[in-house]
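Inside the fold
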Amino acid sequence: MLVEKMKNPILSHISSLLCIKCSSNEWKVDAEGLVCKSCGHLYPIMDNGKMVTADYFIQEQNWETVSDGFDLFKGNEKPITVDKLGGPRIKDLRKNLGITGIAINLGSGQDNYDGFINMDLGVYNPVHVIADLKKIPLIDSSVELVVSNSVLEHIYDYNAVFDEVFRILKKGGYFYLCVPNACLRHHKYDYHRWTTPGLHKLFDARFEITDSGACRGIAYALIIYVEALLAYKIKNKNMLTISRWLWRLISRPLFWMREETNEEYQAMSQTIYVLGKKL
Ligand SMILES: [Zn+2]
């Protein structure tokens, strides 16, 4: 096998890989990729090192272009945002939770955090394993941490993904889930929104919730709603530019607000999160 192909971090956890065709976890490595010893199905590893387990996957390099022209900002630049997030940082989660085993970034897109195996239905640059998130190619109780950052709203049958996360997590393993609450529709494939009680209900029976709050707060929600409305209403390009800059000036104090965690603040926030520990 090519050296590039061997760099895929999933190859260090080969006994945790599940054949989604026959549920075996015994593998042969050959020049093309991994072959299930039980049913003979080949899971190719491409020359760029990505392993393919899904029958169908997104070929485009950028998730944004998959949106097929759906754009509330009509080609104008996107609103300015500030780097101010509530709750845990994904890049610190492994260390802070003491994770030494497998950590998966589910629906990783263009994101790449140290120590995570990136799984996605698209061939985006940092992705290691191309998979249907409703059929995760990992055996039961093999994973210590799953993160999913603004992904579930793009999957119509998200309960199936939630079931898969529960299945692959070890008892005591963690699931960090961030989803939109008061958020504009932002993609051609954008199906769902959650409230804090709705999100807690998803976790309640199967996880102990150890943390919950807002990721992107009220400022994000307000700024993007007003900017989208301006782009929608104002047809004159110069007027639009002036209006947007005025709004950016007026809205500045919103960015100075302290991020809070209570339910009222969450109710007005753009995205909310839950960190749960599998019971
Ligand atoms: Zn098989």
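Computed from a predicted model, the values in this text were never measured in an experiment. (Residues numbered from 1 in each chain as written. Predicted model: local features only at pLDDT ≥ 70, side-chain atom pairs only at ≥ 80, totals over all residues.)

Bringing the environment of serine 212 into the picture now. Inspection of the secondary structure puts serine 212 in strand S10 (residues 207-216). For the pair serine 212 and glycine 87, spaced 125 residues apart in sequence, the C-alpha separation works out to 7.6 Å. Discounting chain neighbours no more than four positions away, the residues touching serine 212 are Thr196, His200, Tyr273 and Val274. (Helix = DSSP H or I, 4+ residues; strand = E, 2+ residues; numbered from the N terminus. Contact = placed C-beta atoms within 7 Å.)

Keep in mind that most residues, glycine aside, have a negative phi and that most peptide bonds are trans. If you check the backbone angles, serine 23 has positive phi at about 70 degrees while not being a glycine. Summarising the element assignment, serine 23 is placed in the loop between helix H1 (3-6) and strand S1 (27-30). One non-glycine residue, serine 150, adopts positive backbone phi at about 55 degrees. Mapped onto the elements, serine 150 comes out in the loop between strand S8 (143-149) and helix H3 (158-168).

Here the focus is the domain arrangement of the protein chain. Domain boundaries in the protein chain define domain 1 (1-52) and domain 2 (53-278). Here the C-alpha centroids of domain 1 and domain 2 sit 29 Å apart. Taken together, the 13 residues of domain 1 in the interface contact 15 residues of domain 2. (Domains from an automatic or database assignment.)

For the rest of this paragraph, the subject is the nonpolar core. By size, the foremost hydrophobic cluster in this structure holds 58 residues, and its most contacted members are Ile104 and Val146. Ranked by residue count, the leading element in this core is strand S9 (residues 169-180), at 7 residues. Counting only domains with at least three residues in this core, you end up with domain 1 (1-52) and domain 2 (53-278). If we ignore the near neighbours within four places in the chain, the residues touching valine 146 are Ile104, Leu106, Val165, Leu169 and Phe175. Among the nonpolar cores identified, the runner-up in size contains 7 residues, and Ala182, Cys183, Tyr220 and Ala221 belong to it. (Core = buried A, V, L, I, M, F, W, Y, C linked by C-beta atoms within 7 Å. Buried ≥ 20, exposed ≤ 12 C-beta atoms within 10 Å, placed from the backbone.)

Once that is clear, we can look at the packing of helix H5 (residues 218-233) against helix H6 (residues 237-250). As a packed pair, H5 and H6 sit with axes 10 Å apart at the nearest point and diverge in direction by 165 degrees. Taken as axis vectors, H5 and H6 run roughly antiparallel relative to one another. When the axes of H5 and H6 are compared, the crossing they make is right-handed. For the pair H5 and H6, the contacting residues are Val226, Glu227, Leu230 and Ala231 in the first and Leu240, Ser243, Arg244 and Trp247 in the second. Taken together, the residues of the contact of H5 with H6 break down into 5 nonpolar, 1 polar and 2 charged. (Axes fitted to C-alpha atoms, helices over the stretch in contact; angles between N-to-C directions. Parallel < 35°, antiparallel > 145°, perpendicular 65-115°, else oblique. Left-handed = near helix turned anticlockwise from the far one by under 90°. Nonpolar A, V, L, I, M, F, W, Y, C, P; charged D, E, K, R; others polar.)

What follows covers the pairing of strand S2 (residues 33-36). Looking along a regular strand, one sees side chains alternate from face to face of the sheet. Inspection of the sheet shows S1 paired to S2 by 4 bridges, in the antiparallel sense. From the neighbouring strand, aspartate 30 faces S2, where its bridge partner is glycine 33. The turn linking S1 back onto S2 is made up of 2 residues. Sheet topology places S2 next to strand S3 (residues 42-44); 3 bridges connect them, and they run antiparallel. Residue pairing for S3: valine 35 is matched across the bridge by leucine 42. The antiparallel hairpin formed by S2 and S3 contains 5 residues in its connecting segment, where glycine 40 sits at a positive phi of about 80 degrees. (Pairing = 2+ DSSP bridges.)

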